[in-house]
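Residues per chain, in single letters:
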Amino acid sequence: MKAKSLDIQKITGNNIDTTSLNFAISEYLISEKLDGIRAYWNGNELITRSGNKIHAPDWFTAHFPTTSLDGELWIERGKFQLLTQIVMDNTPDEDAWRSVKYMVFDLPLSPLPFEQRYQDLRQLISTISTQNDYLFAIEQKSVDDLTILTQWLDIVVNNHGEGLMLQHRDNQYVAGRTNQLLKLKQHQDAEAIVIGYEEGNGKYQGQMGAVWVKTASNETFKIGSGFTDQQRKSPPAIGTTIQYRFNGYTDRGIPRFARFSRVRLSPDS
């Protein structure tokens, strides 16, 4: 059986630089990478990564602590588009918000190393859990064997998850992206702008078969997989930014096996 290649990536700036597996896994705490919307709790309200207010119902944030939190609004695996519709609505849908959870992974104002911040976060959330059903601490685990790590990744990905996040135990909190945080996936992600369409064949005759896209580096190529039947009937509009997954590059520098992932609706999604 051919071994699966693992793509460990440093999250740095706007680019993602692939690094090797040559590091001490036991020095990291590991959690599932949630496909949610980043949200900061400033002690009074939820705001997006770019500073816009998230209009959550009052009962959703009732009993949240006065201290700042950093986390993700999330429903479950594969529900990102539904989540976006709910969270980005300026008039909150009370019923829809009951499916949303605030999954917290850090304490921004704490000067302690990550491992200690995580323990403090767990303690903080546990004191609130009896009063609020929507606030959770993302579980962090220790792994000291690469085989176990890859098995965990397989389970997550096979169940429609994104991947894993690896945070060094000694890391200080850094707002935004940092080269001290690693992302482990079985694929790479990138974004491109839709510039045209190609009609489908067979069952997709008269519908969208593929979209032509342009990357930030002006590479153009088409993406024909990853779309639902509904998306083929009503494809992303020209000018829309989409996210796609791929596995390496061709000799021409074109993403290999590119497949549609989702529409990028805003800088916060």
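Above this note sits the structure.
This structure is a prediction, so every number in the text was calculated from the model and none was measured. (Residues numbered from 1 in each chain as written. Predicted model: local features only at pLDDT ≥ 70, side-chain atom pairs only at ≥ 80, totals over all residues. Heavy atoms only, no water.)

Here's the deal with the overall build of the protein chain
Within the protein chain one finds six helices and 16 strands. Within the span of the protein chain, comprising 269 residues, buried residues form 44% of the whole. For the protein chain, the proportion of contacts with a sequence separation of at least 24, taken over those separated by at least 6, is 65%. Looking at the protein chain as shown, the accessible area adds up to about 14300 Å², and 47% of this sits on carbon and sulfur atoms. (Helix = DSSP H or I, 4+ residues; strand = E, 2+ residues; numbered from the N terminus. Buried < 20%, exposed > 50% of the residue type's maximum accessible area, 1.4 Å probe, protein only. Contact = heavy atoms within 4.5 Å. Areas by Shrake-Rupley, 256 points an atom, 1.4 Å probe, with all protein chains shown as cover.)

Thoughts on the nonpolar core
Leu46, Phe60, Leu73, Trp97 and Tyr102 are the most contacted members of the largest nonpolar core, which totals 26 residues. Elements supplying a minimum of two residues to this core: strand S4 (37–41), strand S6 (69–74), helix H2 (80–87), helix H3 (94–97), strand S7 (101–106) and helix H4 (114–128). Residue contributions to this core peak at four residues, all from H2. Setting aside its immediate chain neighbours within four residues, phenylalanine 60 contacts Leu46, Leu73, Trp97, Val100, Lys101, Tyr102, Asn132 and Tyr134. Core analysis: the second largest hydrophobic core is formed by 15 residues, Ala192, Phe227, Ile254 and Val263 among them. (Core = buried A, V, L, I, M, F, W, Y, C linked by side-chain atoms within 4.5 Å.)

Focus: unusual backbone geometry
At histidine 160, a residue that is not glycine, the phi angle is positive and equals roughly 70°. Positionally, histidine 160 belongs in the loop between helix H5 (146–158) and strand S10 (163–168). Overall, the relative accessible area of 64% leaves histidine 160 in the exposed class. Within the chain, asparagine 218 stands out as a residue other than glycine whose phi angle is a positive 70°. When you line up the elements, asparagine 218 lands in the loop between strand S13 (208–214) and strand S14 (220–223).

Thoughts on the packing of aromatic side chains
Using the criterion set out here, one finds 11 aromatic pairs in the structure. On the basis of an interplanar angle of 45° and a centroid distance of 5.7 Å, the ring pair of tyrosine 244 and phenylalanine 246 is categorised as tilted. Accessibility expressed as a relative area gives 3% for tyrosine 244, which makes it buried. In textbook terms, an aromatic cluster arises when at least three aromatic residues are bridged by ring pairs, as seen for Trp41, Trp59, Phe60, Phe64, Trp97, Tyr102 and Tyr134. One residue, arginine 98, lies across the ring of tryptophan 59, its end atom 4.0 Å from the ring centre. Cation over ring: arginine 262 sits above phenylalanine 80, and NZ or CZ is 3.7 Å from the ring centre. (Phe/Tyr/Trp six-rings, centres within 6.5 Å; stacked < 30°, edge-to-face > 60°. Lys NZ or Arg CZ within 6 Å of the ring centre and 35° of its normal.)

Thoughts on a nonpolar patch on the surface
A surface patch of nonpolar side chains, about 250 Å² in accessible area, is lined by Ile193, Ile195 and Trp212. In this fold, tryptophan 212 is placed in strand S13. (Patch = residues over 30% accessible without salt bridge, like charges linked within 9 Å, V, L, I, M, F, W, Y side chains within 5 Å. Salt bridge = Lys/Arg side-chain N within 4 Å of Asp/Glu carboxyl O.)

Digging into H2
Given 3.6 residues per helical turn, the α-helix brings residues three or four places apart onto the same face. When H2 is considered as a whole, its buried residues turn out to be Phe80, Leu83, Thr84, Ile86 and Val87. All buried residues of H2 project into a common sector of 165° when viewed along the axis, lining one side. Residues of H2 that are buried in the fold lie against S4, S6, H3 and strand S16 (259–263). (Arc of directions from axis to C-beta.)

What about the sheet that holds S7?
Where strands meet in a sheet, backbone hydrogen bonds hold them as pairs that are either parallel or antiparallel. Strands sit in the order S5-S4-S6-S7-S8 across an open sheet of five strands; the sheet is mixed. Edge positions in the sheet fall to strand S5 (46–47) and strand S8 (135–137), since each has one partner strand and no second. As paired elements, S6 and S7 share five bridges and run antiparallel to each other. Each bridged residue has a counterpart across the sheet, and for leucine 73 the counterpart in S7 is tyrosine 102. Where H2 meets the sheet, its contacts fall on S4 and S6, and the angle it forms with S4 comes to roughly 40°. Sheet contacts for H4: S6, S7 and S8; angle to S7, the most-contacted strand, approximately 150°. (Pairing = 2+ DSSP bridges. Axes fitted to C-alpha atoms, helices over the stretch in contact; angles between N-to-C directions.)

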